[in-house]
Amino acid sequence: MEGTNPVNKKLAAALSGGAVLVLALSGCSSDNGNSDKLNSWAKEVCGAVQPQAKKIEAANAAIQKETSDNSTPEAVQKTDAQAFQDMSDAYKAIGSAVDKAGAPDVTDGETKQTNAVKELNDISASYADLKKQVDELDTKDQAKFADGLKGIATQLDKLSQSGNDALKKLEEGDVGQAMAQQESCKSTSSSPSATQG
């Protein structure tokens, strides 16, 4: 019986929504005359985001690949757990980078920064929790395993939909435009899973 496959496909679909979250950090706005202070802030954040966005894409791709094979529950569990761990680490690293960069040189910059860091850390904690749940699934019982994965896919779906409000606010206006000028953010947004704005 290969009952895990459709469920794991659902997991993969939910996950690809989550990957777009980080790629939201690359703005699509046109060039403008931002202050040097804001541009250097954007450069620092974009430089830190790029490797983490790649890590998230790689984790996403690993789950996608696992779903295209008729994988055993053990293989699915191992891949998914590793992917969630990588995503948790990546979001934490982005949160630290935004924290370290300080507040962007815009109105309410400090509030936007604080909210974005909190959100990134919350997302990181959510992925760490999902990893724990995957680790605890019963791979000996395929039906139970499929049910467990279904529950995780549902949570993942919610996570990918709810996660990026503060990030969007951080990127409004001048901040997004300054980020759009950075080479490192441009290359992040050229990913096929990014939504071009």
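The present account deals with the structure reproduced in this document.

**Topic: the overall build of the protein chain**
Then comes step 1: Regarding its fold elements, the protein chain presents eight helices and zero strands.
Then comes step 2: When the elements of the protein chain are put in sequence order from the N terminus, they spell out α-α-α-α-α-α-α-α.
Then comes step 3: In the protein chain, 86% of the contacts between residues at least 6 apart in sequence involve partners at least 24 apart.
Then comes step 4: As displayed, the protein chain has an accessible area near 9,200 Å², and 49% of this comes from carbon and sulfur atoms.

**Some details on the packing of aromatic side chains**
Any two aromatic rings considered together are summarised by their centre-to-centre distance and by the angle between their planes.
Then comes step 1: Tallied over the full model, the rule gives two aromatic pairs.
Then comes step 2: Taken together, the ring pairs connect F84, Y91 and Y127 into an aromatic cluster.

**Some thoughts on the environment of Q181**
Then comes step 1: Topologically, Q181 is positioned in the loop between α7 (174-180) and α8 (183-189).
Then comes step 2: Taking C-alpha positions, Q181 is 9.9 Å from C46, a pair spaced 135 residues apart along the chain.

**Details of unusual backbone geometry**
Then comes step 1: One non-glycine residue with positive phi stands out, namely D108, at about 60°.
Then comes step 2: Among the structural elements, D108 can be located in the loop between α3 (73-101) and α4 (109-135).
Then comes step 3: Its relative accessible area of 53% is what places D108 among the exposed residues.

**With respect to the environment of A93**
Then comes step 1: Looking at the secondary structure, you find A93 in helix α3.
Then comes step 2: With a relative accessible area of 27%, A93 lands in the partly exposed category.
Then comes step 3: For the pair A93 and P51, spaced 42 residues apart in sequence, the C-alpha to C-alpha distance is 9.8 Å.

**Brief notes about α4**
Each turn of an α-helix holds 3.6 residues, which means side chains three or four residues apart point in the same direction.
Then comes step 1: Look at α4: 39 Å from first C-alpha to last across 27 residues, which is about the 39 Å you get at 1.5 Å a residue.
Then comes step 2: Buried within α4 we find G109, K112, Q113, A116, V117, E119, L120, I123, S124, Y127, L130 and V134.

**Focus: the pattern of salt bridges**
Then comes step 1: Taken as a whole and assessed by the stated rule, the structure comprises three salt bridges.
Then comes step 2: The closest approach of N and O atoms between K118 and D122, which form a salt bridge, is 2.9 Å. Here K118 pairs with D122, and both are found in helix α4, just four residues apart, close to one helical turn.
Then comes step 3: Relative accessible area serves as the criterion here: at 38%, D122 is assigned to the partly exposed category.
Then comes step 4: Residue K131 pairs with D135 through a salt bridge whose shortest N-O separation is 2.5 Å.

**Examining the environment of D105**
Then comes step 1: Take D105: it is sitting in the loop between α3 and α4.
Then comes step 2: Put simply, D105 and S40 are 65 residues apart on the chain and 10.0 Å apart in space, counted from C-alpha to C-alpha.
Then comes step 3: Dropping the residues within four chain positions of it, D105 is found in contact with S35, K37 and L38.

Scoring rules and cut-offs
Residues numbered from 1 in each chain as written. Predicted model: local features only at pLDDT ≥ 70, side-chain atom pairs only at ≥ 80, totals over all residues. Heavy atoms only, no water. Helix = DSSP H or I, 4+ residues; strand = E, 2+ residues; numbered from the N terminus. Contact = heavy atoms within 4.5 Å. Areas by Shrake-Rupley, 256 points an atom, 1.4 Å probe, with all protein chains shown as cover. Phe/Tyr/Trp six-rings, centres within 6.5 Å; stacked < 30°, edge-to-face > 60°. Buried < 20%, exposed > 50% of the residue type's maximum accessible area, 1.4 Å probe, protein only. Expected span 1.5 Å × (residues − 1). Salt bridge = Lys/Arg side-chain N within 4 Å of Asp/Glu carboxyl O.

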